[in-house]
Amino acid sequence: MWTEEAGATAEAQESGIRNKSSSFSQIPVVGVVTEDDEAQGVFKPMDLNRVIKLLEETDKDGLEEKQLKFVKKLVQCYQNGLPLRDLAQIFKILNLCAGKIKNQPHFIESAYDIIKLCGLPFLKKKVSDEITYAEDTANSIALLGDLMKIPSSELRIQICKCIVDFYHAEPPKKHIPGYQQASSSYKIQMAEVGGLAKTMVQSMTLLENQLVEKLWVLKVLQHLSTSEVNCTIMMKAQAASGICTHLNDPDPSGQLLFRSSEILWNLLEKSSKEEVIQQLSNLECLLALKEVFKNLFMRGFSHYDRQLRNDILVITTIIAQNPEAPMIECGFTKDLILFATFNEVKSQNLLVKGLKLSNSYEDFELKKLLFNVIVILCKDLPTVQLLIDGQVILALFTYVKKPEKQKIIDWSAAQYEELQLHAIATLSSVAPLLIEEYMSCQGNARVLAFLEWCESEDPFFSHGNSFHGTGGRGNKFAQMRYSLRLLRAMVYLEDETVNKDLCEKGTIQQMIGIFKNIISKPNEKEEAIVLEIQSDILLILSGLCENHIQRKLQALIQLLIVFYHPVPGLLWKNNHNLAYWEPELNSKAMRKEIFGTEGVDIVLHVMKTDPRKLQSGLGYNVLLFSTLDSIWCCILGCYPSEDYFLEKEGIFLLLDLLALNQKKFCNLILGIMVEFCDNPKTAAHVNAWQGKKDQTAASLLIKLWRKEEKELGVKRDKNRKIIDFENLPGLSAEDFVTLCIIHRYLDFKIGEIWNEIYEEIKLEKLRPVTTDKKALEAIITASENIGKMVASLQSEIIESQARQDVQNEQKVYAKIQATHKQRELANKSWENFLARTSNAKTLKKAKRLQEKAIEASRHHKRPQNAIFHQTDIKGLNTTVPSGGVVTVESTPARLVGGPLADTDIALKKLPIRGGALQRVKAVKIVDTPKKSIPT
C-alpha cells in the first residue's frame, strides 16, 4: 500500500539525511515576510520539526484540520522559493502528506501545493550550500518519482510540470534578503544523481490507459533524455523497448509518437547504442515501428508527418544493422523494399497503389534513406530472395543513364544527380549478390554505356553538393568514380560469365582509353578523386586479365616433352602457340594480349611518379599498389607484353622502387621480379641497373636480405656467419625431427614430382631412351637417398633424446638418494644428541672422545717463544662447542671522575685520543692486565 511505502521512505530519509541538514540548525528559519519585516530585512522563524511531529500524530480530535492549517502556512512561507537547508524537512512533510492521502483525501491539495513549490527556484544562503546539501537535494528530488505511484491524475500531472520546470528556470518572484538563487542547472544535476529518470520510466507501467498522464511523463522523459547520465539510467530501466512497444497507442494529439521518437533518438545517441539496439531488436518493437512507418508513409501528408516518418526510418535502419533483429519475420524488410522501388518498378500492391512522392525535401530524404536501408538489409543473406522478388536491380538501374527529365517525379537537377550517385553506390553492394539479375538487366552494357557518357564531352554541369558527389562539381568524376566501383565489385567476384561478357564488350580497351584520357588532362584540384579512379581502373584490368595458369601449364608441358621426346631442338620455340593447347586458356591469354603495349604504357607512366608523392596522403601509394598488381596480372605470362615492358626499362623502374626501401612494396616487387626472371631477357636488365652511388642490383638485394635478417633477429659471428640457424629456443626432440623434414622440404617436393613422372611413364607403358632412363633413375635414387639420410638423422635425434632422458632420470634418482641419506644422518645426529642429554654415561663417553680428538689435533712440539692460550673452560659440563668468551672489567673511576664529576663540563669537550670522558685536561693511558680470550 502507498501508506506503507511512504512511511518506509520517510524513515529512510529521516535516518539518512536529517542529521546532515539539521547539523547546521535545529530550528530552520524561513521567510514569512511582512511589511515590517521586509523593511527590516529579517525573517519570521517557523519550526519545521514541529510540523513534522504534528503530522506524525494520530487519533486526536480536530487533528486533521490543524495539520492542514500548518501545511497551508508552510506553503505560504515558501511561496518565493525553497532554501536548500530546509529541503530535506520539507520533503519529509510532503511524504507524510502523501501517506495520508488514501485515508484522508483532503491531503491531496496539501501535497499538490508542496509539489508546486518544487518548481520554484532553490535558494542558498551560502555559496557552499549547493555542495553541503547535495545529498539531501538529490534524495528529495528522487522522491518526486516515487510519488508517481499515488493514483491521482492531478498530482501526477503536477509532478511532471514541476520536473519540466527544472529545465526552464525562472528568477524568484521576490528577492529575499540574505538568499540567492541556486545555479540554473543545479536541479538538473541533482535529478541525475538521485536517479529520477529510473522512477519516471517505471511509472509508465502505471499509465497504460491514461493518455494525458502518459503524455506528461513522456514530456518529462524527453527533457531528461537530453543528458547522457539520464539516458544511461533510462536504458538500464528498459526505456527503449517500453516506449517503442506503445508507439501505436491511440493519440489524437500526435504528441505520443513525436515525443517517443525523440526519446529513442536521444537514447541511441547518448547511451550504449548496442544495448539500445538489442532492446529494440524484438518482434513486438519492430511490428510497432512497421505499423507506424506504414501509416505515416501512406497517410502522412503534412510537413511534420513526413519528418516523423523519416525519423522512424532512420531508427529502423539502425536496428537493421543487428543481424539478430527479426526484420524479415515481421515483414518489415518486404515492405521497405516495396516502398524503395514502387516509383521505378510498377507494382499492384495495395500499399503503394495511387501513392506518389513529391520533390519536397522530406520525400527526397526518404528516397535516399530507402536506398541506404537496402544496403543494410542486403547484408543478411536471407534478404536476397526478397531483393529478387522486389526487382531491386532493375529499379536501381533506371538511374544508371544519361540525365533526362523524369516523367514520374520532377526531381531538380541537383536532387536527381544525388539520387543517381546513391543508386549506383547501392548497386555496388547489391549487384554482387544478384549476379543473374544483374546479367539479365544487361548490367555490364548499361555501366559501360554510362562510362562512355562520363568520358564524353557532352555538356553537363554537376552540382557535387552531396556526400557521394564529393569532388564532382562541374565535372563527371563522381559518376565515373561510382560506376568504376560497381565494375570493380563485379569483376572481383571472379565469375567467368561476368568477366567474359565485359571483355567481349571491349572493357579492357575502354578502361585503357579512360586512363589515357585522364593522364592527358591533369586535374590537380580533384587530384585525390582522379587517383582513386586510376586505381580502380587498374584493379579492374587486373581482375579481367588475372591468369596464373598459363606459365605453369607451359612449364609442365615442356617438362613432359623433354622426357617423352628428348630430341634436341624439339623444345618450343614459339611459346605463344602454347595457348592453343587449351581453348579456355587461350581465351584468358587473349585478354593479356588485348592489354598490350598501350596497357604497359599506362603502367610505366604510374611507375615514373615522383617517389615523394607517395607520402602525400592523396592516394599515390594505393595507385602504386594497383599498378604492381596490374603488372602481375596483366603483363606477366604474356611474352610480347613482357618484352615491351623490358624494352621500356620497366625492370629499371621496378628496381628504383625497390631501392626506396618501402617495406609495404618490397614483397610484391620481389615477387614480380622472380616471375620476370623466367624470361631469359630479364637477367641482362637486372645486371645493367645502377642506383644511387653506383649501387648494383646484387648489392641492393643483399642489403635487403641483411635488413630482413636483422628484423628476424638472425645472429652472426664476427665473420658474418650465421651462428643460430638451428639454435632455436624451446624446441623438443619431436620438433627437431620435424625440422629435419622442413630443411629438406624442397628436395622432397622435387623428388615427389619426379616420382609422379616416373609412375606416369610406367602407367602409359612408355620407354624412355637409355640416356634419359639413366638420368631419371639417378634422380629417383638421389631422392631416395635424401629420404634415407633424413630418416637416419631423425633416428639419431630420437636415440640421443632417449639417452638424455635416461641420464636425467639417473640424476633425479641420485638426488633422491642423497636426500634420504642426509635425512638419515640428521636423524642419527638427533638421536646421539638426545642420548647425551639423557644418559650420563653416554655424555662422559662423548666428552672423552671429544677431548681425545682435541688432543690429537694439537701440535706436540711447540715453537720457541710461542704464547699458549688455554682453550678449555674449566667446569663446563657440555660437549657442544661454545662461542668466544671475553672478560671485560668496569671502567675505572679515575677515568670518569667518580660520581660527583661535572658531567655538563665533561660533555662540552671530547678527549682528542678518544676513550671515556674525563674532567682532567690530559689523559693518561693506563696499562691493564691482559686477559686471555678463548679462541
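Just above, that's the structure.
Below is a short write-up of the structure. (Residues numbered from 1 in each chain as written. Predicted model: local features only at pLDDT ≥ 70, side-chain atom pairs only at ≥ 80, totals over all residues. Heavy atoms only, no water.)

So, on to the nonpolar core. Counting 214 residues, the largest nonpolar core has Met-200, Leu-221, Leu-541, Ile-631, Leu-654 and Phe-676 as the members making the most contacts within it. If you tally residues by element for this core, the top one is helix α29 (residues 527-545), at 10 residues. Of all hydrophobic cores here, the second largest spans five residues; its members include Trp-754, Ile-757, Ile-761 and Leu-776. (Core = buried A, V, L, I, M, F, W, Y, C linked by side-chain atoms within 4.5 Å. Buried < 20%, exposed > 50% of the residue type's maximum accessible area, 1.4 Å probe, protein only. Helix = DSSP H or I, 4+ residues; strand = E, 2+ residues; numbered from the N terminus.)

This next bit is on the side chain of Thr-682. Structurally, the position occupied by Thr-682 is in helix α36 (residues 682-688). Judged by relative accessible area, Thr-682 falls into the buried class, the value being 0%. If near-sequence neighbours (up to four positions away) are discounted, Thr-682 is found in contact with Leu-646, Ile-651, Phe-676 and Cys-677. (Contact = heavy atoms within 4.5 Å.)

Turning our eyes to something else, we now look at the packing of aromatic side chains. Summed over all chains, the structure comprises 14 aromatic pairs. Between the aromatic rings of Phe-293 and Phe-332, the centroid separation amounts to 6.3 Å while the plane-to-plane angle is 55°, which identifies the pairing as tilted. Within this pair, whereas Phe-293 is found in helix α17 (residues 283-299), its partner Phe-332 is found in helix α19 (residues 332-341), the two being separated by 39 residues in sequence. Look at Phe-293 and you get buried, because its relative accessible area is 0%. Judged by relative accessible area, which is 0%, Phe-332 ranks as buried. Three or more aromatic residues joined by ring pairs make a cluster, and in this case those are Phe-293, Phe-297, Phe-332, Phe-339 and Phe-342. Against the face of Phe-107 rests Lys-100, its NZ or CZ located 5.9 Å from the ring centre. The ring of Tyr-482 carries the charged tip of Arg-485 above its face, separated from the ring centre by 4.9 Å. (Phe/Tyr/Trp six-rings, centres within 6.5 Å; stacked < 30°, edge-to-face > 60°. Lys NZ or Arg CZ within 6 Å of the ring centre and 35° of its normal.)

Before going further, it helps to spend a moment on the pattern of salt bridges. Applying the stated criterion to the full structure yields 21 salt bridges. Between Asp-249 and Lys-214 there is a salt bridge, with its nearest N and O atoms 3.0 Å apart. With Asp-249 in the loop between α14 (239-244) and α15 (255-270) and Lys-214 in helix α12 (residues 211-224), this residue pair connects regions lying 35 residues apart in the sequence. A relative accessible area of 22% places Asp-249 in the partly exposed class. Measuring nitrogen to oxygen at the nearest pair gives 2.8 Å for the salt bridge that ties Arg-612 to Asp-610. For Asp-610, a relative accessible area of 27% puts it in the partly exposed group. One continuous salt-bridge network, built from bridges that share partners, spans Arg-306, Arg-309 and Asp-363. (Salt bridge = Lys/Arg side-chain N within 4 Å of Asp/Glu carboxyl O.)

This brings us to a nonpolar patch on the surface. Among the surface-exposed residues, Val-812, Tyr-813 and Ile-816 lie close enough to one another that they form a single nonpolar patch of about 280 Å² accessible area. Within the fold, Val-812 resides in helix α40 (residues 770-838). Taking relative accessible area as the criterion, Val-812 reaches 48% and is therefore assigned partly exposed. (Patch = residues over 30% accessible without salt bridge, like charges linked within 9 Å, V, L, I, M, F, W, Y side chains within 5 Å. Areas by Shrake-Rupley, 256 points an atom, 1.4 Å probe, with all protein chains shown as cover.)

Moving on to the side chain of Ser-110. Note on placement: Ser-110 falls in helix α6 (residues 107-118). Of the residues examined, Ser-110 reaches a relative accessible area of 8% and is grouped as buried. Contacts of Ser-110, omitting those with residues within four sequence positions, involve Leu-68, Val-71 and Cys-97.

Spatially, the three strands line up as an open sheet ordered β1-β2-β3, and their pairing is mixed. At either margin of the open sheet sits one strand with a lone partner, and together these are β1 (82-83) and β3 (180-181). Across two bridges, β1 lies against strand β2 (residues 122-124) in parallel orientation. In the strand pairing of β2, Leu-82 is matched with Phe-122. (Pairing = 2+ DSSP bridges.)

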